[in-house]
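Structural overview for review
This is what each chain is made of:
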Amino acid sequence: MTGASFGLRLLRGLSGIVTAGLVVLAIGVAVTQYLGHSRGFPGPGGLSVAAHIVAAVVAVIAQRITDHRRGFSAVLGAIVVFVATGLVLWTQWWQ
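A brief report on the enclosed structure follows. (Residues numbered from 1 in each chain as written. Predicted model: local features only at pLDDT ≥ 70, side-chain atom pairs only at ≥ 80, totals over all residues. Heavy atoms only, no water.)

Points about the overall build of the protein
What counts is decided by this rule: Only DSSP runs of H or I with at least four residues qualify as helices, and only runs of E with at least two residues qualify as strands; both kinds are numbered from the N terminus onward. For the radius of gyration, the atom set is restricted to C-alpha positions; the globular benchmark scales as 2.2 Å times the number of residues to the power 0.38. Relative accessibility under 20% of the residue-type maximum defines a buried residue, over 50% an exposed one, and the middle range a partly exposed one, all with a 1.4 Å probe and only protein chains included. By definition in these notes, contact holds between two residues if any of their heavy atoms fall within 4.5 Å. A 1.4 Å probe and the Shrake-Rupley method give the accessible areas. Residues count as covered only by the protein chains that appear here.
Looking only at helices and strands, the protein features 3 helices and 0 strands. Secondary structure elements of the protein occur, N-terminal to C-terminal, as α-α-α. Compactness check: the protein gives a C-alpha radius of gyration of 16 Å against a globular reference of 12 Å for 95 residues, more than 25% above the reference. Residue burial in the protein is summarised as follows: out of 95 residues, 26% are buried. Counting only contacts in the protein whose residues sit at least 6 apart along the sequence, the fraction spanning at least 24 positions is 69%. With an accessible surface of roughly 6200 Å², the protein has 73% of that area assigned to carbon and sulfur atoms.

Concerning the packing of helix α2 (residues 46–68) against helix α3 (residues 72–92)
Our working definition: Axis geometry follows a simple rule: fit a line to the C-alpha atoms, using only the stretch in contact for helices, then measure angles between N-to-C directions, giving values from 0 to 180 degrees. Oblique is the label for any angle not covered by the other classes, which are roughly parallel (under 35 degrees), roughly antiparallel (over 145) and roughly perpendicular (65 to 115). Put simply, a crossing is left-handed when the front helix is turned counterclockwise from the back one by less than a right angle, and right-handed when it is turned clockwise. Here the term charged refers only to Asp, Glu, Lys and Arg, the term nonpolar to Ala, Val, Leu, Ile, Met, Phe, Trp, Tyr, Cys and Pro, and the term polar to all other amino acids, Gly among them.
Following both chains from N to C, one finds α2 and α3 inclined at 165°, their axes separated by 8 Å at the closest point. In terms of axis orientation, α2 runs roughly antiparallel to α3. In the packing of α2 onto α3, the handedness of the crossing is left-handed. For the pair α2 and α3, the contacting residues are Ser48, Ala51, His52, Ala55, Val58, Ala59, Ala62, Gln63, Ile65 and Thr66 in the first and Ser73, Ala74, Gly77, Ala78, Val80, Val81, Ala84, Val88 and Gln92 in the second. Tallied by class, the residues present in the contact of α2 with α3 amount to 12 nonpolar, 7 polar and no charged.

Points about the environment of valine 31
Positionally, valine 31 belongs in helix α1 (residues 6–38). Valine 31 sits 49 residues away from valine 80 along the chain, and the two C-alpha atoms are 26 Å apart.

Put into structure tokens, the structure is as follows:
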């Protein structure tokens, strides 16, 4: 059988879902900041918006590597997705 193993396909799928969620979260935070600013309410703040956008960009790049490589490179890309997501959640939501 050619192609990636079941485990790698599963890892790619899971990291893809996490990446998509992080992108949606970054968009939501940016929209919330914009709406809050335009209506005179405090939003999440520029630092939080920037952190979410940077994490989303890192995750998308890492996911692309995960999707297009095999072996250790693919696994490392997925780990980067999970770490970037964990960092933004930890620093911006739970601290």
